[in-house]
Amino acid sequence: MRLPVASHTIFLAFLLGTVITGCGSLGRAVPAAPRLEVDPWERLNRTDYAIQGRLDRYLVHPLSKAYRFLTPGPIGRGIHNVLVNLSEPAALFNDVLQLRIKRAATPAARLILNSTVGVLGLVDVAAHVGLYHHDNEFGVTLGRYRIKSGPYVYIPMMGPSTLRDLVGSGVDFVLDPMRWLDYSHQSAILNARLGFSDLDKEVATEADLQALLGSAVDPYATLRSAYLQHKQGEIEGDAVPTDLPSFDEPVPTPEPAPLPPAITPVTPTPEPAPEPRTDASQPAPLG
């Protein structure tokens, strides 16, 4: 699933100010129909979703195909591992804020192992010892502290989100350690990282999105429902709602029950015809 990606500091700062201004009204929302309460800007969101469809067709999909062609096999896996490693500080930071201290040990250990033994994250050494990556964002942290999600929004080139998650993306963007470190060519490196991250995410989620939306009667509503349920699952715990497809591993197909052994019908053996009696006591037939 394509999750929101912070791409412009000014834009996110504007969103942050807008949401903070309206936070008081989120808790005193006037009762309304469930769909309108979740997606009051549906008409605008559907327009943006249609715009994204055009962008996917003429821009995103061609770029993702070129990226897949230019980064075959271990090259693509290495880039993916580096991008995941760079996201570990955000997962660690939000795990601690959510008081999931035991859970926070995983991104901490992954960051140390993969940045050293894994050659700056090129090799996912931690996964080989049973330490697997998990996403975490400040939007999830806000949800853990019972901050309402606010209206659902869809923004081209960012994907589905809510006002709460947009604020969370802005905080993650600002607190990214790579923006606070001082190194040469910082701006170019950050922009390249953002571009590679978007392409890598597109390549990684394209098949899942196609499976989810390909046969949907209303793809927009299906994506909205899947996104909101996925986020709620992240807030409530590690379990994904049962009605969402697993994006980590394929759902096993149950094997059919074994059939009972075939019963071979028994054909009755015909009894032999009785032999004619030869009785000497009986008179011989007259000639």
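Look above for the structure.
All values reported here derive from a predicted model rather than from experimental measurement.

**Q** What is the right way to look at helix α4 (residues 73-86) in this model?
**A** Think of an α-helix as turning once every 3.6 residues; residues three or four places apart then point the same way. Given a rise of 1.5 Å per residue, 14 residues ought to cover 20 Å, and the 20 Å separating the end C-alpha atoms of α4 matches this to within 8%. Within the span of α4, buried status applies to G76, G78, N81, L83, V84 and N85.

**Q** How should I be thinking about the environment of G237 in this particular structure?
**A** Checked against the element boundaries, G237 lands in the segment after α12 (219-236). Taking the C-alpha atoms as reference points, G237 and R144, 93 residues apart in sequence, are found 9.5 Å from one another. Sequence-distant contacts of G237, defined by excluding residues within four places in its chain, comprise R100 and R144.

**Q** Help me out: how do you make sense of the nonpolar core in this one?
**A** Within soluble globular proteins, side chains that are nonpolar tend to cluster in buried spots. In terms of nonpolar packing, the biggest core is built from nine residues, these being Y152, Y154, L209, L212, L213, Y220, L223, A226 and Y227. Contributing elements (two or more residues each) for this core: β1 (152-155), α11 (186-213) and α12. Ranked by residues supplied to this core, first place goes to α12 with four residues. When sequence neighbours within four positions are dropped, the list of residues in contact with Y154 reads N45, D48, Y49, Q52, G159, P160 and L223. Listed in part, the five residues of the second largest apolar core include V153, I155, M158 and L163.

**Q** What is the right way to read the packing of helix α5 (residues 88-97) against helix α6 (residues 101-116) from this model?
**A** If you want to describe how two helices pack, look at the angle between their axes and the distance between the axes. Direction vectors running N to C along α5 and α6 enclose 160°, while the axes themselves pass 8 Å from each other. When the interaxial angle is binned, α5 and α6 end up roughly antiparallel. Once α5 is placed against α6, the crossing between them reads as left-handed. Contacts between α5 and α6 involve E88, P89, A91, L92, D95 and V96 from the former and I101, R103, A104, P107, A108, R110 and L111 from the latter. Here the residues of the contact of α5 with α6 are counted per class, giving nine nonpolar, no polar and four charged.

Calculation criteria
- For every chain, the first residue of the written sequence is number 1, and numbering continues from 1 along that sequence.
- Per-residue local features are limited, in this predicted model, to residues with pLDDT of at least 70; the limit for side-chain atom pairs, both in listing and counting, is 80 or more; totals at the level of whole chains, interfaces and linings are taken over all residues.
- Calculated side-chain values reflect all of the structure's heavy atoms, with hydrogen atoms and water omitted.
- Numbering of helices and strands runs from the N terminus; a helix is a DSSP stretch of H or I covering at least four residues, while a strand is a stretch of E covering at least two.
- By definition here, a helix of n residues has an expected span of 1.5 Å times n minus one.
- Three exposure classes are used, based on accessible area relative to the maximum for each residue type with a 1.4 Å probe and protein chains only: buried under 20%, partly exposed in between, and exposed over 50%.
- Only heavy atoms enter the contact rule, under which two residues are in contact if any of them lie within 4.5 Å.
- Side-chain atoms within 4.5 Å are what join buried Ala, Val, Leu, Ile, Met, Phe, Trp, Tyr and Cys residues into a set we call a nonpolar core.
- Axis definition: a line fitted to C-alpha atoms, limited for helices to the stretch in contact. Angles are taken between N-to-C directions and run from 0 to 180 degrees.
- Note on terminology: angles under 35 degrees are roughly parallel, angles over 145 are roughly antiparallel, angles of 65 to 115 are roughly perpendicular, and the others are oblique.
- Should the near helix be turned counterclockwise from the far one by less than a right angle, the crossing is left-handed, whereas a clockwise turn marks it as right-handed.
- Gly is put with the polar residues, along with every residue not named as nonpolar or charged; the nonpolar set is Ala, Val, Leu, Ile, Met, Phe, Trp, Tyr, Cys and Pro, and the charged set is Asp, Glu, Lys and Arg.

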